[in-house]
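Residues per chain, in single letters:
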Amino acid sequence: MRCKYPTKSGLWAVIALCCSAAPTWAQEKDTELALNCRIEPYMQVEVSSAVEGVIAQMLVDKNDVVKKGDTLAKLESGLEAATVDLRRVQASLESDISSQQLALEFAERALKRVEDLYGKKVASFAELDKAKTEHALASQRLEQAKDRQRQAELELKRATENLKRYTIVSPVDAVVTERYKQPGEHVDNEPVVRLVQLDPLRVEVYAPASLYGQIREGSSARVKPDINSGKTFYSAQVSLVDRVIDGPSNTFGVRLTIPNPEQALPSGQRCTVRFANVQETPQ
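All of these numbers come straight from a predicted model, not from anything done at the bench.

Draft legend 1. Geometry of the overall build of the protein chain. Secondary structure summary: the protein chain contains three helices and 15 strands in total. Considering the protein chain as a whole, with its 283 residues, one finds that 31% of them fall into the buried category. Contacts spanning at least 24 positions in sequence make up 73% of the contacts within the protein chain whose residues lie at least 6 apart. With an accessible surface of roughly 18200 Å², the protein chain has 51% of that area assigned to carbon and sulfur atoms.

Draft legend 2. Focus on the pattern of salt bridges. The full count for this structure, using the stated rule, is eleven salt bridges. Note that Arg88 and Asp85 form a salt bridge whose closest N and O atoms lie 3.2 Å from each other. Pair noted here: Arg88 and Asp85 are both in helix α1 (residues 78–92), with a separation of three residues, about one helical turn. Residue classification places Asp85 among the partly exposed positions, given a relative accessible area of 44%. Between Glu161 and Lys164 there is a salt bridge, with its nearest N and O atoms 3.2 Å apart. Of this pair, Glu161 and Lys164 both sit in helix α3 (residues 125–164), three residues apart, which is roughly one turn of that helix. By sharing partners, the salt bridges in this structure join Arg202, Glu204 and Arg255 into a single network.

Draft legend 3. Seen up close, the state of the cysteines. In the structure shown here, the tally under the stated rule is one disulfide. Paired through a disulfide, Cys37 and Cys271 show a sulfur-sulfur distance of 2.0 Å. Residue Cys37 is located in strand β4 (residues 32–48), and its partner Cys271 is located in strand β15 (residues 270–276); the two are separated by 234 residues in the primary sequence. You'll find Cys37 and Cys271 in the same group, each marked buried.

Draft legend 4. Seen up close, helix α2 (residues 95–119). For α2, spanning 25 residues, the distance from its first C-alpha to its last is 36 Å, which sits close to the expected 36 Å at 1.5 Å a residue. Within α2 the residues assigned to the buried category are Ile97, Gln100, Leu104, Ala107, Ala110, Leu111 and Val114. Buried residues belonging to α2 abut α3. Phi for Lys121, located one or two positions after α2, is positive at around 65°.

Draft legend 5. Structural context of the environment of Arg202. Tracing the backbone shows Arg202 in strand β11 (residues 191–208). Excluding residues within four positions of it along the chain, Arg202 makes contact with Arg38, Ile39, Glu40, Pro41, Tyr42, Arg255 and Leu256. Here the side chain of Arg202 touches Glu204 through a polar contact of 2.9 Å, side chain to side chain.

Draft legend 6. Examining the pairing of β4 more closely. Here β4 runs beside β15; their pairing, made up of seven bridges, is antiparallel. By the bridge assignment for β15, Asn36 is matched with Thr272. Relative to β11, β4 runs antiparallel, the two sharing eleven bridges. Counterpart to Val45 in the pairing with β11 is Leu195.

Draft legend 7. Examining the pairing of strand β7 (residues 71–75) more closely. Pairing between strand β5 (residues 53–58) and β7: three bridges, direction antiparallel. Opposite Ile55, over in β7, you have Leu75 as the bridge partner. When β7 meets strand β8 (residues 167–169), the two strands line up antiparallel, connected through three bridges. Looking at the pairing, Ala73 lines up with Ile168 of β8.

Conventions adopted
Residues numbered from 1 in each chain as written. Predicted model: local features only at pLDDT ≥ 70, side-chain atom pairs only at ≥ 80, totals over all residues. Heavy atoms only, no water. Helix = DSSP H or I, 4+ residues; strand = E, 2+ residues; numbered from the N terminus. Buried < 20%, exposed > 50% of the residue type's maximum accessible area, 1.4 Å probe, protein only. Contact = heavy atoms within 4.5 Å. Areas by Shrake-Rupley, 256 points an atom, 1.4 Å probe, with all protein chains shown as cover. Salt bridge = Lys/Arg side-chain N within 4 Å of Asp/Glu carboxyl O. Disulfide = S-S within 2.5 Å. Expected span 1.5 Å × (residues − 1). Polar contact = N/O pair within 3.5 Å; in protein donor to acceptor, adjacent residues only side chain to side chain. Pairing = 2+ DSSP bridges.

Here you go:
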């Protein structure tokens, strides 16, 4: 360390301090702290099938970019598709309801005639009671026909949902990093493809315990990746701070997120994160 003192009155002293950096973090300025970090995918998903079956089509391959809801693969589902067609026809049939509606209308006319005759004392009470009973039964049969149609509609819905299970779709916007199955292969509980979500990216940091309370969720930071991807620094935001300090290492975990809409920043690399207005306090 070299010190330079003023030689004239009215001039400020200029002091230069030199110190060695800590192994895992460094204070670059009085108001900015740098910590080592690692850039990771925001989410990694091993996508499998909801049902056991045989792969009919694989529609993606390694490095393909997929959107949420895109079809990744299809299983053989001829029987399930035929069941859907059958249930659709059953749900669309109106003949049963129409015939029961006609029977009810006839029972209503018959009841009206018997009531008129009974009022004129031409028909007996037994005939009136029979007409009322037939009308009630016709009304009940119509409701049963409507119930059967509602049941057929529900059966169609169930068959349609079951058919969907034979189509494997992407749960997130992601990149395919591995394809495990080929057409004709059997699938049960094992994954079919592996997806990695790269927007946003996740930054994992371990900070010294002396910084606990200074780094908070929502805080802003700058991340410098080891690999130059066109930008020197990337803006990041703290999304998670561990509530427990790890005793052996005397550190706590911090997670940040980086927007990566163009997916230009690769994951898996080392980086340096800089927090403004954060200082390590000596213990």
